[in-house]
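A closer look at the structure
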Amino acid sequence: MKGLIVDFGGVLTDRGPEGVGEPPLIGAVRSARAAGIRTALLSNADGPGEPIPWLDALFDVLVFSGDVGVAKPDPAIYRLTVERLGLQPGECAFVDDLAVNIRGAAATGLVGIHHTSVASTLAELSALFGDW
């Protein structure tokens, strides 16, 4: 795998069972990027809203459905995100908390990870990417 694409709300913001501190998936994305894995945020939000300075430091690519005129689970948004990463769909994993979005990503050729808990998502990322 050469690319990691994650959803924002419900995934990147999930603080896990403790509910305090930095959400663990932020650290996972940071580690992936430091290891040379291309990273993207893919959100069905209208846009970034208030500036979040750490987003640019965490991701190579930011894709908001409101900015590009197409939303998950439309295959076009996954293809656009992968293209902006400079990769092929089969080289990317996509993490989302909604099964319908995972199905859309998988139909486009991405490896889908259905986020149901921080622990399970981190385990799946480790299985796909190894130790960053």
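A brief structural summary. Treat the numbers as computed from the prediction; the structure is a model and nothing was measured.

Conventions adopted
Residues numbered from 1 in each chain as written. Predicted model: local features only at pLDDT ≥ 70, side-chain atom pairs only at ≥ 80, totals over all residues. Heavy atoms only, no water. Helix = DSSP H or I, 4+ residues; strand = E, 2+ residues; numbered from the N terminus. Rg over C-alpha atoms; globule rule 2.2 N^0.38 Å. Buried < 20%, exposed > 50% of the residue type's maximum accessible area, 1.4 Å probe, protein only. Contact = heavy atoms within 4.5 Å. Areas by Shrake-Rupley, 256 points an atom, 1.4 Å probe, with all protein chains shown as cover. Lys, Arg positive; Asp, Glu negative; His and termini not counted. Charge placed at Lys NZ, Arg CZ, Asp CG, Glu CD. Salt bridge = Lys/Arg side-chain N within 4 Å of Asp/Glu carboxyl O. Pairing = 2+ DSSP bridges. Axes fitted to C-alpha atoms, helices over the stretch in contact; angles between N-to-C directions.

Time to look at the overall build of the protein. Across its full length, the protein holds seven helices and five strands. Going residue by residue from the N terminus, the α and β elements of the protein occur as β-α-α-β-α-β-α-α-β-α-β-α. The C-alpha atoms of the protein give 13 Å as radius of gyration, which agrees with the globular expectation for 132 residues (14 Å, within 12%). Its C-alpha atoms give the protein principal-axis dimensions of about 35 × 35 × 25 Å. Looking at the 132 residues of the protein, the share that counts as buried comes to 39%. Contacts in the protein between residues at least 24 apart in sequence constitute 53% of all its contacts with a sequence separation of at least 6. Accessible surface computed for the protein: about 6200 Å², of which carbon and sulfur atoms make up 54%. In the protein, which carries 9 positive and 16 negative side-chain charges, the distance between the mean positions of the two groups comes to 5 Å.

With that settled, consider unusual backbone geometry. The omega torsion of the bond from Lys72 to Pro73 falls at 10°, within 30 degrees of zero and hence cis. Structurally, Pro73 can be placed in the loop between helix 4 (65-68) and helix 5 (75-85).

On inspection of all chains with the given rule, the structure shows six salt bridges. Where Lys72 meets Asp7, a salt bridge forms, and the shortest distance between an N and an O atom there is 2.8 Å. With a gap of 65 residues between them, Lys72 in the loop between helix 4 and helix 5 and Asp7 in the loop between strand 1 (3-6) and helix 1 (8-12) connect regions that are remote in the sequence. For Lys72, a relative accessible area of 7% corresponds to the buried category. The closest approach of N and O atoms between Arg33 and Asp60, which form a salt bridge, is 2.9 Å. In this pair, Arg33 sits in helix 2 (residues 24-34) while Asp60 sits in the loop between helix 3 (53-58) and strand 3 (61-64), placing the two residues 27 residues apart along the sequence. Looking at Arg33, the relative accessible area reads 27%, which means it is partly exposed. Judged by relative accessible area, Asp60 falls into the partly exposed class, the value being 29%.

Turning next to the sheet that holds strand 1. Sheet architecture is open: five strands sit in the order 3-2-1-4-5, paired in parallel fashion. The outermost strands of the open sheet, each flanked by one partner alone, are strand 3 and strand 5 (111-114). Between one strand axis and the next, the sheet turns by 20° as a mean value, whatever way the strands run.

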